[in-house]
Amino acid sequence: MKADDSWQAVAEQAQQRVTQLESELAEALKRLSQQGSALESELSRAEAAEEEVARLAAWADYNQELAPAYEASVERIATLENKQRRSQEILAGESDQLSGMRQELDRLRAELDRYRAHDPLPQVESDDNKLQRLAFQDPVTGLPNFHHALRYLHIQLSKAAQNEGIVALARIDIHRLRDLNLYLGTRISDEILRQFSGRFQGLVESETMLARGRDDEFWVVLSCPSGGPVGLRKVTDQVSHLLQRLGVALKRPFDVGDHSVQITVACGVACGQGKEEPGHLVECAGLALTASKSAEPAGKLVYYQPPMQEAIRNRLAMVPLLRQAVEREEFELYFQPMVQLDTLQIQGVESLLRWNQAAAGQLLPGQFIEAALESGAIVAIGEWVARQVCRCSQRTQPYLWSMNLSAQELVQANFMRRFIRAIEAAELDHPEFLVVEISESGLANQSARLASALKQLREWGVKLAIDDFSFDSVSLRRLHELDVSYIKLSHEVTHRLDTALYRNLVRGAVLAAEDLNCKIVAEGVEQMEQLECLKELGCHWGQGHLLQPPAAIEEIWELLALT
């Protein structure tokens, strides 16, 4: 039997049952009406009998001949009362039956309407089907999960190999969802995922797969039967259009309970022609996603390029070398003074890490810090830097000495123990002359462990500075909670002081700093016009090649002796 025939049979059976109930209901109403008429007749006769009894009672005392008639009337009244009581019981029963029939009729009519609308019949899910659904469905969003997406990607790549088509995989990552999970709880983050997937599903065409990837990611798989440049252009246009629409949809915040959360995403895309394995395409899209997270502007759509593979190979090759670099004393610190702008007097010194790598020469942090973070070597490097800076601070108080630390270092379980060990090794009596710098992007991680580490640093007297501040992701309320001592404006802000927008931003930051009891430090001061503008805006301190380029420790000793 076809599915449509099955639906028709069910609807016909329901219609027959409705017709039968309507007939039974009409009969019940007829019986109820007859019972009501009989009851009214009995009530009329009872009332007449009661009047007769009353009349006879009035005369009974005067005429003994009326006594038998009076007694007969009393018996008749009793009989009528019994009959009336039975009629009332029958009527109540009929009313209950009628009410039940009406409820059943309403239910069947609603069910008939549902059948006519062709809604799916409720079915009992078999154990095998349930296991298969759980294996390939994300429990939070209801979307296909990672395993289902991989299987679908394999099928599409096989089709592309046969038809010379194109397959695109887009990996979309929600920024800071892990932090929101830690800060607001799993229930809130799960609801954000559900709302996000709901908005996303409304943008995706029927022939496109949207799936929940691992962790904070969503995957989109698109395919085009055409190959070559035409197919590639078509599929990339589809991805670009989809992500543009998603960006518009995400401008509206997510309201979850008492929280209103603004979501941004990063996206990396890789395209294949059927020759690639699914895992390889996933890896390539992941490399593009990593590039998207660090791109300017952050989160822009990035397509995989082969040089990204070379970059990851170079980074992986650095890992064993980084682990040995501390033991081999291949790291070196350079130092750049922080200068009070109105007097040009040195107030403190920032330590800048360099790696004297045997094969590649001297490397700046941007060339190796990502590999250090991924490999975990950053922990040993950070401890080495802390020891060197503490020794320098012990010799030159009351000058400030600052060091850059990543959020990953700060949230390590034994971070404070290692930091205190560096202070004690240097016999540093006044840790209040130390400054720990953490980037604005690092502070976007609002985890409890990070907040605890920063609190412990302040309890030891260590000051906190926000590095690379560009008015992007840290609110004034957050700065107040962290008890920040210094806000270091990024090079980008300093280099854009020729625009009214950035001058107004810096002016506002200076005013806010007065309320926060902290100082504004401008990084990247390289031109006299920048220096004069910063002075005019009331900026407190500055740092840059115009004031003093980074120097070795021996030159710093001389500079501090002259000031």
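Residues numbered from 1 in each chain as written. Predicted model: local features only at pLDDT ≥ 70, side-chain atom pairs only at ≥ 80, totals over all residues. Heavy atoms only, no water.

A.B. asks: So, the confidence of the model for the protein chain: which residues are in play, and what are the values?
C.D. replies: For the protein chain, mean pLDDT is 81; residues scoring 70 or higher make up 73% of the total. Mean pLDDT across the elements of the protein chain ranges from a minimum in helix H3 (residues 127–136), with 56, to a maximum in strand S16 (residues 541–542), with 97. In the model, residues 1–5 has pLDDT below 50 throughout and makes two contacts with residues more than four positions away in sequence or in other chains. A low-confidence stretch, residues 118–122 stays under pLDDT 50, and its non-local contacts, those more than four residues away or across chains, total ten contacts. (pLDDT = per-residue confidence, 0-100. Helix = DSSP H or I, 4+ residues; strand = E, 2+ residues; numbered from the N terminus. Contact = heavy atoms within 4.5 Å.)

A.B. asks: Which residues make up the sheet that holds strand S1 (residues 166–174), and what values do they have?
C.D. replies: Read across the sheet, five strands follow the order S2-S3-S1-S6-S7 without closing on themselves; strand pairing throughout is mixed. Strands at the two margins of the open sheet, each flanked by one partner only, are strand S2 (209–212) and strand S7 (301–303). Averaged over neighbouring strand pairs, the angle between their axes works out to 20° when direction is ignored. As judged from the eight bridges shared by S1 and strand S3 (residues 217–224), these two strands associate in the antiparallel manner. The partner of Ala 168 across the bridge, within S3, is Leu 222. Against the sheet, helix H6 (residues 186–201) makes contact with S1, S2, S3 and strand S6 (265–272), and its axis sits at roughly 15° relative to S3, the strand it touches most. (Pairing = 2+ DSSP bridges. Axes fitted to C-alpha atoms, helices over the stretch in contact; angles between N-to-C directions.)

A.B. asks: So what's going on with the packing of aromatic side chains? Which residues, and what values?
C.D. replies: In this structure the tally under the stated criterion is twelve aromatic pairs. On the basis of an interplanar angle of 50° and a centroid distance of 6.1 Å, the ring pair of Trp 401 and Trp 557 is categorised as tilted. Taken together, the residues Trp 401 in strand S11 (residues 400–404) and Trp 557 in helix H20 (residues 553–562) connect sequence positions 156 residues apart. Counting every residue linked through ring pairs, the aromatic cluster contains Phe 331, Trp 355, Phe 368 and Trp 384. Geometry around Phe 146 places Arg 214 over its ring, the cationic atom sitting 3.7 Å from the centre. Cation over ring: Arg 395 sits above Trp 557, and NZ or CZ is 4.3 Å from the ring centre. (Phe/Tyr/Trp six-rings, centres within 6.5 Å; stacked < 30°, edge-to-face > 60°. Lys NZ or Arg CZ within 6 Å of the ring centre and 35° of its normal.)

A.B. asks: Residue-level account of the pattern of salt bridges, with values.
C.D. replies: Applying the stated criterion across every chain, the model contains nine salt bridges. One salt bridge connects Asp 173 with Lys 293, and the closest N-O pair in it is separated by 3.8 Å. Of the two residues, Asp 173 sits in strand S1 while Lys 293 sits in helix H8 (residues 278–293), which places them 120 residues apart along the sequence. In this structure Lys 293 comes out as partly exposed when scored by relative accessible area, which is 42%. Where salt bridges share partners, they join Glu 350, Glu 437, Lys 488 and Glu 523 into one cluster. (Salt bridge = Lys/Arg side-chain N within 4 Å of Asp/Glu carboxyl O. Buried < 20%, exposed > 50% of the residue type's maximum accessible area, 1.4 Å probe, protein only.)

A.B. asks: How would you summarise the environment of Phe 471 if you had to cite specific residues and measurements?
C.D. replies: By the secondary structure assignment, Phe 471 is in the loop between strand S13 (463–469) and helix H16 (476–482). Between the C-alpha atoms of Phe 471 and Leu 489, which are 18 residues apart in sequence, the distance is 8.8 Å. Once you skip the residues sitting within four places of it in the chain, Phe 471 turns out to touch Glu 440, Leu 489, Val 493, Leu 505, Val 506 and Ala 509.

A.B. asks: Help me get a handle on the packing of helix H4 (residues 146–163) against H8, residues and values and all.
C.D. replies: Relative to each other, H4 and H8 sit at 110°, their axes nearing to 9 Å. Judged on the interaxial angle alone, H8 and H4 are roughly perpendicular. Here Leu 150, Leu 153, His 154 and Leu 157 of H4 come into contact with H8, specifically with Pro 278, Leu 281 and Val 282. Partitioned by chemical class, the residues of the contact of H4 with H8 number six nonpolar, one polar and no charged. (Parallel < 35°, antiparallel > 145°, perpendicular 65-115°, else oblique. Nonpolar A, V, L, I, M, F, W, Y, C, P; charged D, E, K, R; others polar.)

A.B. asks: I'd like a description of the nonpolar core, backed by residues and values.
C.D. replies: Of all hydrophobic cores here, the largest spans 79 residues; its most connected members are Leu 322, Trp 401 and Phe 419. The element contributing the most residues to this core is helix H11 (residues 378–396), with nine residues. Judged by nonpolar contacts, the second largest core, of 34 residues, contains Ala 168, Leu 180, Leu 246 and Ile 263. (Core = buried A, V, L, I, M, F, W, Y, C linked by side-chain atoms within 4.5 Å.)

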